[in-house]
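# Architecture and fold: a report
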Amino acid sequence: QVQLVESGGGLVQAGGSLRLSCAASRIFHFSIYAMGWYRQAPGKQRELVAHITSGGSTNYADSGKGRFTISRDNAQKMVYLQMNSLKPEDTAVYYCAASYDEYNYWGQGTQVTVSS
């Protein structure tokens, strides 16, 4: 069973930065998977934050453009989300996701709290 484990969340003041990490294990050919970061705030639906294809192309939700950067290290089976200029509205549980064809996997999430 594929495992995705997020880390790097925490409490940060507005304007601060965090770097989230996602470690993938029990996954063959990690490089063929598209990877994404999603978030879910209390009372809201889960939403896409950033996405990176197997080829390294990226796209971002409007809320994170210019502030967030997604990257991947295929050799280490890692995905990262660098978040700068954090805002209180970025407070949410952040999830890592892997997808290929009909296969989709999710991590358990890491809490990010941004204080004003």
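Read on for a plain summary of the structure.

Cut-off values and rules
Residues numbered from 1 in each chain as written. Predicted model: local features only at pLDDT ≥ 70, side-chain atom pairs only at ≥ 80, totals over all residues. Heavy atoms only, no water. Helix = DSSP H or I, 4+ residues; strand = E, 2+ residues; numbered from the N terminus. Buried < 20%, exposed > 50% of the residue type's maximum accessible area, 1.4 Å probe, protein only. Core = buried A, V, L, I, M, F, W, Y, C linked by side-chain atoms within 4.5 Å. Contact = heavy atoms within 4.5 Å. Pairing = 2+ DSSP bridges. Disulfide = S-S within 2.5 Å. Salt bridge = Lys/Arg side-chain N within 4 Å of Asp/Glu carboxyl O. Phe/Tyr/Trp six-rings, centres within 6.5 Å; stacked < 30°, edge-to-face > 60°. Lys NZ or Arg CZ within 6 Å of the ring centre and 35° of its normal.

### Comments concerning the environment of glycine 10
By secondary structure assignment, the location of glycine 10 is in strand β2 (residues 10-13). The class of glycine 10 is partly exposed, set by a relative accessible area of 25%. Along the backbone, glycine 10 and valine 112 are 102 residues apart, and their C-alpha atoms lie at a distance of 5.0 Å.

### A closer look at the nonpolar core
Generally speaking, a soluble globular protein has its nonpolar side chains buried in company with each other. Residues Leu4, Met35, Trp37, Ile70, Leu81, Met83 and Tyr94 are the most contacted members of the largest nonpolar core, which totals 30 residues. Listing elements by their share of this core, those giving two or more residues are β3 (18-25), β4 (34-40), β5 (47-52), β7 (68-73), β8 (78-83), β9 (92-100) and β11 (110-115). Not counting the four nearest positions on each side in its chain, methionine 83 is found in contact with Gly16, Ser17, Leu18, Leu20, Arg67, Phe68, Tyr94 and Val112.

### With respect to the pairing of β8
Summarising burial for β8: 5 of the 6 residues are buried, a large majority. As paired elements, β3 and β8 share 6 bridges and run antiparallel to each other. By the bridge assignment for β8, serine 21 is matched with tyrosine 80. In this structure, β7 lies alongside β8, joined through 6 bridges in antiparallel fashion. Within β8, the position partnered with arginine 72 by the bridge is valine 79. Taken together, β7 and the strand that follows it, β8, pair antiparallel across an intervening segment of 4 residues, in which lysine 77 is found at a positive phi of about 55°.

### So, the state of the cysteines
Per the stated rule, a full pass over the model turns up 1 disulfide. Each sulfur in the disulfide pair cysteine 22 and cysteine 96 lies 2.1 Å from the other. Its S-S torsion of approximately -75° makes the covalent link between cysteine 22 and cysteine 96 left-handed. Residue cysteine 22 is found in strand β3, and its partner cysteine 96 is found in strand β9; the two are separated by 74 residues along the sequence. Taken as a pair, cysteine 22 and cysteine 96 share a single burial class, namely buried.

### Examining the pattern of salt bridges
It is possible for side chains of opposite charge to pair when their charged atoms get near one another. For the structure on display, the rule yields 4 salt bridges. Each of Arg39, Glu47, Arg67 and Asp90 takes part in one network of salt bridges that share partners.

### A short note on the packing of aromatic side chains
Given two aromatic rings, their pairing is described by the distance between the two centres and the angle made by the two planes. This structure, assessed with the given rule, holds 3 aromatic pairs. Centroid distance tyrosine 33 to tyrosine 105: 6.3 Å. Interplanar angle 50°. Geometry classified as tilted. Of this pair, tyrosine 33 sits in the loop between β3 and β4 while tyrosine 105 sits in strand β10 (residues 103-106), placing them 72 residues apart in sequence. There is no split in this pair, since tyrosine 33 and tyrosine 105 are both buried. Each residue in the set Tyr33, Tyr100 and Tyr105 is aromatic and connected to the rest through ring pairs, giving one cluster. Positioned over the ring face of tyrosine 95 is arginine 46, at 3.7 Å from the centre of the ring.

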